[in-house]
Structures are given as C-alpha cells and as structure tokens.
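# Residue-level structural notes
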Amino acid sequence: MIDSYGREINYLRVSLTKRCNLRCSYCGAQNEKENNELTADEIEKIVRAFVGCGINKVRLTGGEPLVRKDICDIAGRLGRIEGIKKLALTTNGIRLKEFAAELKKAGVSAVNISLDTTDKERFEAITGYDGLHRVYEGIDECERVGLSPLRINAVLIRGQNDIDAQSLINIARDRKIDVRFIELMPFSDEGDNEKLVVKSDEILKSFPLLKPAPQKGTPFEKSVARYYECEGFKGRVGFITPISDKFCSECNRIRLLSDGKVKVCLGSDETHDLRAYLDDEKELGKAVRAAILSKPMEHKFSCGYGASHGLNKIGG
Ligand code: SAM
C-alpha cells in the first residue's frame, strides 16, 4: 500500500512483548510484566489484516521475542499466511540455541542477532547478564539448522564498547554473517546522545579497506543499511544511520506493538489501537489502512523525541 507521502509500506515489525531477559544500558528496558500482550490468535488476525494491505515482510521482535512461551506457535501461524514472502526474527540470541530448529520449521528464515561486544566482561556490563557464550551458541545453531541470512546488529557507545568495532567486523571476515552497526538513538537516560553516538563515518574512517558493496539489483537494494565489503571477507559490513543520515523518505515499515497498538514511526508518538476491531475483519482492515496513511513524513529524533520511551516498548 502507498502511504500519504508516496512510500510503499510493505514491512511490518511485530513486537511480541515488552519483556526482555537482558537489561541493555542504552535500551531503556525496565522490569516489564506480561499484562496486555496480544494472544497468538490476535496477532495472527492483525497480521492477516496488514497482509491484506500489502505487507509482505514481517519481522518478530520485542522486547525479547524468545521469552514468549508461544513463540513457535506464533511463528508457525504467521509462516502459513499466504502473502508473507519473508518472516524474520530479531533477537538477543540468549535463547536462540533452544528455538532455532523449531523456528526454521515454523517458516522463519532471516535472523538478526543483537551483539554489541565480543568481550565477556563488557557483554555483562552492557546487558547485565553473563551470557556471551549463549549468543555464540545460538549463532552456531542457526548456521547448523540453515537459518539464513544471519546478521549481527551492533550499537557502539563511545567509551563503553567502541573498541569492539574491530572484533565485530572480524566476524564478517570469518563467517558468512553480515555485521551491521546501528547508530545509537536517544531512547534511554544514558546521557547526551550526540556525545555517545559513534557515527558510521567515524567507523568507516578507521577501516579504509571496506569498500561500498553493490546494492542495486540485489535483495538489499531497499535495505536501510548501506553495505561495505572487503576482499577475503565472507560477510559484509553494514551501517544503519538514523542519526547522521535519516532514511525517512525510503521508510517502508510500520510497527505493531505487543498491546495491539500500531506505531506508525519509530520517532513519533502517534499510535492507533487495533484491539477494538479484532472481532470485525472489515473494520480491522480499515483501521490498518488508516494507520498506514497517517505515517508522518519523517521522525523527530532531532527535536528531542525519544528519551524515556525505551526501545523495548516500541519494538526495536
Ligand atoms: N531483544 C531483541 C534484540 O535484542 O534484538 C529485539 C529488541 S531490541 C530493542 C532490537 C534492537 O534495538 C537491538 O539490536 C538493540 O541493540 C537496538 N537498540 C536498543 N536501544 C537502542 C538505541 N537506543 N539505539 C539504537 N539501537 C537500539
């Protein structure tokens, strides 16, 4: 479906829960309770309505999607919806070893794993949990069961884990995994975002061997990431730059929150509650259409939006 600014909206990110088993310092997650989460049945109904409006790619996220006991049931229901060309997952990887095989059977293909450091102590300092080995085991299991493509998403924070840029890039050198750096967005009270964010140009300057990878005509043509490659590398290195170079004019996404609200833009407060329409397919379709049409032209991070919202609530 085309929105009010001529963008084709075909990508739905579904936050399954606000709960998370990690406490990443920059994310703003607190101790969230299970209350008010959509059931598997409700999620399926809403996603079907979105597919009726042209959504063909769905990503399961959160909070941490793998803390939901019914995660494989949800993935299976969505995996069976005709019209969804790609069912993807974003996870912190802690429970991935447990679920990788079943998720693959359910229809999940692409998996993004969030990993900000390759150092055990820094992992614990950032996430509040000594679990780096579990993330690596999860990645190994994804490779074993053939979940593909696999990507690592990393957020660098000045003074905390910026020294990890090299070792994270080395993962793309050694494995068929794309490693992407996402610029820190102002979602927590960590401090002045401008001072903490490590912008993509700064990383690129330190790694002159990275050369822009062709994107036109590849499956990544519409990706919000800019990709780079390096001779001898098995994977690529990508940059997602919501701060230094916003990509709103190409934004193709919309978000369903775990409580049934639609968030039309990551950097805006506008939401549309779909719960009231769950028993009426036609009205649900209309409400979804109205939500897509209300997507704003661009995000408001530069106008002070963000602090205290918590990306776990929004669905990262
Ligand atoms: N729990 C899942 C995970 O860790 O991938 C999904 C939710 S998490 C909120 C999704 C992504 O958002 C993670 O890659 C995380 O690093 C990123 N994220 C969280 N807070 C962020 C911030 N302030 N700026 C940029 N990315 C952020």
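Scroll up to find the structure this text is about.
Cut-offs used in this document
Residues numbered from 1 in each chain as written. Predicted model: local features only at pLDDT ≥ 70, side-chain atom pairs only at ≥ 80, totals over all residues. Heavy atoms only, no water. Near = heavy atom within 4 Å. Polar contact = N/O pair within 3.5 Å; in protein donor to acceptor, adjacent residues only side chain to side chain. Areas by Shrake-Rupley, 256 points an atom, 1.4 Å probe, with all protein chains shown as cover. Nonpolar A, V, L, I, M, F, W, Y, C, P; charged D, E, K, R; others polar. Core = buried A, V, L, I, M, F, W, Y, C linked by side-chain atoms within 4.5 Å. Buried < 20%, exposed > 50% of the residue type's maximum accessible area, 1.4 Å probe, protein only. Helix = DSSP H or I, 4+ residues; strand = E, 2+ residues; numbered from the N terminus. Axes fitted to C-alpha atoms, helices over the stretch in contact; angles between N-to-C directions. Parallel < 35°, antiparallel > 145°, perpendicular 65-115°, else oblique. Left-handed = near helix turned anticlockwise from the far one by under 90°. Contact = heavy atoms within 4.5 Å. Phe/Tyr/Trp six-rings, centres within 6.5 Å; stacked < 30°, edge-to-face > 60°. Lys NZ or Arg CZ within 6 Å of the ring centre and 35° of its normal.

### Observations concerning the site of the ligand
Close contacts around the ligand come from 17 residues, with Y26, G63, E64, S114 and M185 the closest. Interatomic distance of 2.9 Å between a backbone N/O atom of G63 and a nitrogen atom of the ligand. Between the ligand and T91, the relevant distance is 3.3 Å, taken from an oxygen atom to a main-chain nitrogen or oxygen of the residue. Burial of the ligand by the surrounding chains reaches 94%, relative to a free accessible area of 550 Å². Grouping the amino acids of the shell around the ligand by side-chain chemistry returns 7 nonpolar, 8 polar and 2 charged.

### Concerning the nonpolar core
Ranked by size, the top nonpolar core spans 86 residues in total, and within it V47, F50, V58, L60 and F181 carry the most contacts. It is helix α1 (residues 40–52) that provides the largest number of residues to this core, a total of 7 residues.

### Topic: the packing of helix α2 (residues 71–79) against helix α3 (residues 96–106)
Two elements in contact, α2 and α3, have axes whose closest approach is 8 Å; the angle formed by their N-to-C orientations is 20°. As far as their axial angle goes, α3 and α2 are roughly parallel. Like other packed secondary-structure pairs, α2 and α3 cross with a definite hand, here right-handed. Seen from α2, the contacting residues are I71, C72, A75, G76 and G79; seen from α3, they are F99, E102, L103 and A106. Here the residues of the contact of α2 with α3 sort into 6 nonpolar, 2 polar and 1 charged.

### With respect to the packing of aromatic side chains
Summed over all chains, the structure comprises 2 aromatic pairs. When the ring of Y228 is compared with that of F239, the centres are 5.6 Å apart and the planes differ by 85°; the resulting orientation is edge-to-face. Of this pair, Y228 sits in strand β8 (residues 226–229) while F239 sits in strand β9 (residues 237–240), and the two are 11 residues apart along the sequence. One exposure class covers both Y228 and F239, and it is buried. Here the guanidinium or amino end of R236 rests over the ring plane of Y227, the centre of that ring lying 4.0 Å away.

### Remarks on unusual backbone geometry
Across the junction of S148 and P149, the peptide omega takes the value 0°, indicating a cis bond. Tracing the backbone shows P149 in the loop between α5 (132–145) and β5 (150–155).

### Structural notes on α2
Of all 9 residues in α2, 7 are buried, a share of seventy percent or more. Buried residues of α2: I71, C72, I74, A75, G76, R77 and L78, and no others. Where the residues of α2 are buried, they touch α1, β2 (57–61), β3 (86–91) and α3.

Distances and angles like these do not, on their own, reveal function.
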